[in-house]
Each structure stands twice: as structure tokens, then as C-alpha cells.
Amino acid sequence: MCTELADILAAAAQGQFPAPDGGVTVVPQPSSRDAGVVAFTAHSVVFTDEDPVWVRRILASLDCDPLAAAMNPAFLCALLDRTRRAMDTIDLLTVASPLAGEPPLDLTEVGNADHPRRIRAGKRRDELRVWAADGGIVILGRGVAGRWETAIEVDEGHRSRGLGRALATAARHLVPDGQPVWAQQAAGNARSVRAFQAAGFRPVGAEALLTESGGAGRGGRVSST
């Protein structure tokens, strides 16, 4: 069994998931910045530097379906209180393989460090790059466990024209080194979910990311976060 979050995610990107045995795997945080929970089918992974004995004790105490315990609000609240962290929402976690060639739309890289979306993304991702299209932007950066993550945003006046799908597809062309690219969408943001799935992103699980106190929200308009 993989004992590092990066290994678990790399396997999931290739369609190899933890055994659907109803279990919970507790692994160390990949960095001081990132802690949380990833729920796969019938198996959850808690990534935290807190005592695994404490994690399992809290999970066992919950009056809920054991398969859902790691994403139960009572457990997440206990973990938030213990770690003095914050979170926004539980996201749908998706991944896509890279695509060769140029993106399917005209993009201009934005080097302005003061771009508001870049500032928000910079609180959660490293090695950020931002590209602008007519009516939207696409961001790439290294997020949880060093994985490449993308986020998009479509201006209000350019929605319902397929731009979200094109921006998400562009991220698959822009990701470096032939790596998979990950994206998170709030479960209620159906427009974003549709755009990413139309661009070939596959759902692999759910993710609750616990952020350091004072961090800005992941955000996302048509967007993924």
C-alpha cells in the first residue's frame, strides 16, 4: 500500500485506487501548507501530521455510515479545531492526461503578479502561470503533494459559449513534462463540473482541503477552484 499522498495520487491518475474495503489510510502531510481528506470509492485518505490514533478514534466515534465518516461534518470540524485550520467546501476531484500540441484557443501569458486571480491561487499553489483568453483565464500551478492543478474563470458575458470547456482543455496542452493535470470543482457548481468533464477530466473522488488560518478561499466562478 502507498504510504505517501503523492504516490496515492499518482496511482489514482492512472486509474489505480486504494482497495474499496471501507478503510481509512492516514498519511503525513505532503507539506506544512496542505492537510485534508481525499475520499475515493469506499476508501478515504486523511493527510495530516496529527496522531493517527486520534484520527481513528474520532472516526470510530461517529454515528454515521463508516464509508462516509472521513467526510462527515463532525469529523471535519474536529480536525479543523485540532489543527486550527479553515476550509471552504468539499470539492469534486478530477484529473486528465496531458495533450500534445497547441491549445485550442488563443492565449496570452499574464506575467502581472497583481492579477487578482493569481494572488488567490498563489496562496494554494506554487510555480504559478496564468494565461488570458478573450473572456477568461486559465491557471496552472503545483498544488497538493506537488501535483499540477488548473483553475479557470470565465467572464459573465462570455458564458454558455463553450469557453469554459476550451480553457479546461487548454490546461491539458499547457501542463509541462507530460504530467497529469488535476482540477477541483465545488459539487454544487454544475456549470464547472460540466465544463471540465466535457474537456476530458475524470472524477476520481472528493477532496476536503484544510488551509492554514488566514488563507483565502479556493474560489471559482464558472470556474474550477
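Our structure is the block above this text.
Residues numbered from 1 in each chain as written. Predicted model: local features only at pLDDT ≥ 70, side-chain atom pairs only at ≥ 80, totals over all residues. Heavy atoms only, no water.

Details of the overall build of the chain
Piece 1. Within the chain, the regular secondary structure consists of six helices and eleven strands.
Piece 2. Summarising the internal contacts of the chain: among those between residues at least 6 apart in sequence, 65% fall at separations of at least 24.
Piece 3. On the chain, roughly 10,300 Å² of surface is accessible, and the fraction owed to carbon and sulfur atoms is 50%. (Helix = DSSP H or I, 4+ residues; strand = E, 2+ residues; numbered from the N terminus. Contact = heavy atoms within 4.5 Å. Areas by Shrake-Rupley, 256 points an atom, 1.4 Å probe, with all protein chains shown as cover.)

As for the nonpolar core
Piece 1. Counting 22 residues, the largest nonpolar core has L105, V138, L167 and F201 as the members making the most contacts within it.
Piece 2. When residues in this core are grouped by element, the largest group, seven residues, is from helix α5 (residues 163-174).
Piece 3. Residues contacting L167, with those up to four places away along its chain left out, are L105, L107, A133, G136, I137, V138, I152, E153 and V154.
Piece 4. Counting residues in each nonpolar core, the second largest holds 20 residues, with A35, W54, A70 and L76 among its members. (Core = buried A, V, L, I, M, F, W, Y, C linked by side-chain atoms within 4.5 Å. Buried < 20%, exposed > 50% of the residue type's maximum accessible area, 1.4 Å probe, protein only.)

Comments concerning the layout of surface pockets
Piece 1. If you add up the space inside the second largest pocket, you get close to 170 Å³.
Piece 2. Contributing to the lining of the second largest pocket are A6, L9, A10, R142, A145, G146, R147, W148, Q179, P180 and W182.
Piece 3. When residues in the lining of the second largest pocket are grouped by element, the largest group, three residues, is from helix α1 (residues 5-13).
Piece 4. When grouped by side-chain class, the residues that make up the lining of the second largest pocket number seven nonpolar, two polar and two charged. (1 Å grid on protein atoms, 1.4 Å probe; cavity = no way out; pocket = protein on both sides within 12 Å on 5 of 7 lines; lining within 4 Å. Points joined across faces, edges and corners; volume = space filled by probe spheres on them. Nonpolar A, V, L, I, M, F, W, Y, C, P; charged D, E, K, R; others polar.)

Notes on the environment of S32
Piece 1. Its location among the elements puts S32 in the loop between β1 (23-27) and β2 (35-40).
Piece 2. When its relative accessible area of 56% is taken as the criterion, S32 is described as exposed.
Piece 3. Spatially, the C-alpha atom of S32 lies 8.7 Å from that of D49, the residues being 17 residues apart in sequence.
Piece 4. Dropping the residues within four chain positions of it, S32 is found in contact with R85 and E212.

Observations regarding the pattern of salt bridges
Think of it this way: side chains of opposite charge can pair up when their charged atoms draw near.
Piece 1. Inspection of the entire model under this criterion finds seven salt bridges.
Piece 2. The salt bridge involving R82 is made with E50; its shortest N-O contact spans 2.8 Å. You can see R82 sitting in helix α3 (residues 73-83) and its partner E50 sitting in the loop between β3 (43-47) and α2 (52-61), a full 32 residues away along the chain.
Piece 3. Ionic pairing is found between R147 and E207, a salt bridge with its closest N-O pair at 2.9 Å. Linking R147 in the loop between β8 (136-142) and β9 (148-154) with E207 in strand β11 (residues 202-212), this pair joins segments that are 60 residues apart in sequence.
Piece 4. By relative accessible area, R147 is classed as buried at 6%.
Piece 5. Classification of E207 as buried rests on a relative accessible area of 1%. (Salt bridge = Lys/Arg side-chain N within 4 Å of Asp/Glu carboxyl O.)

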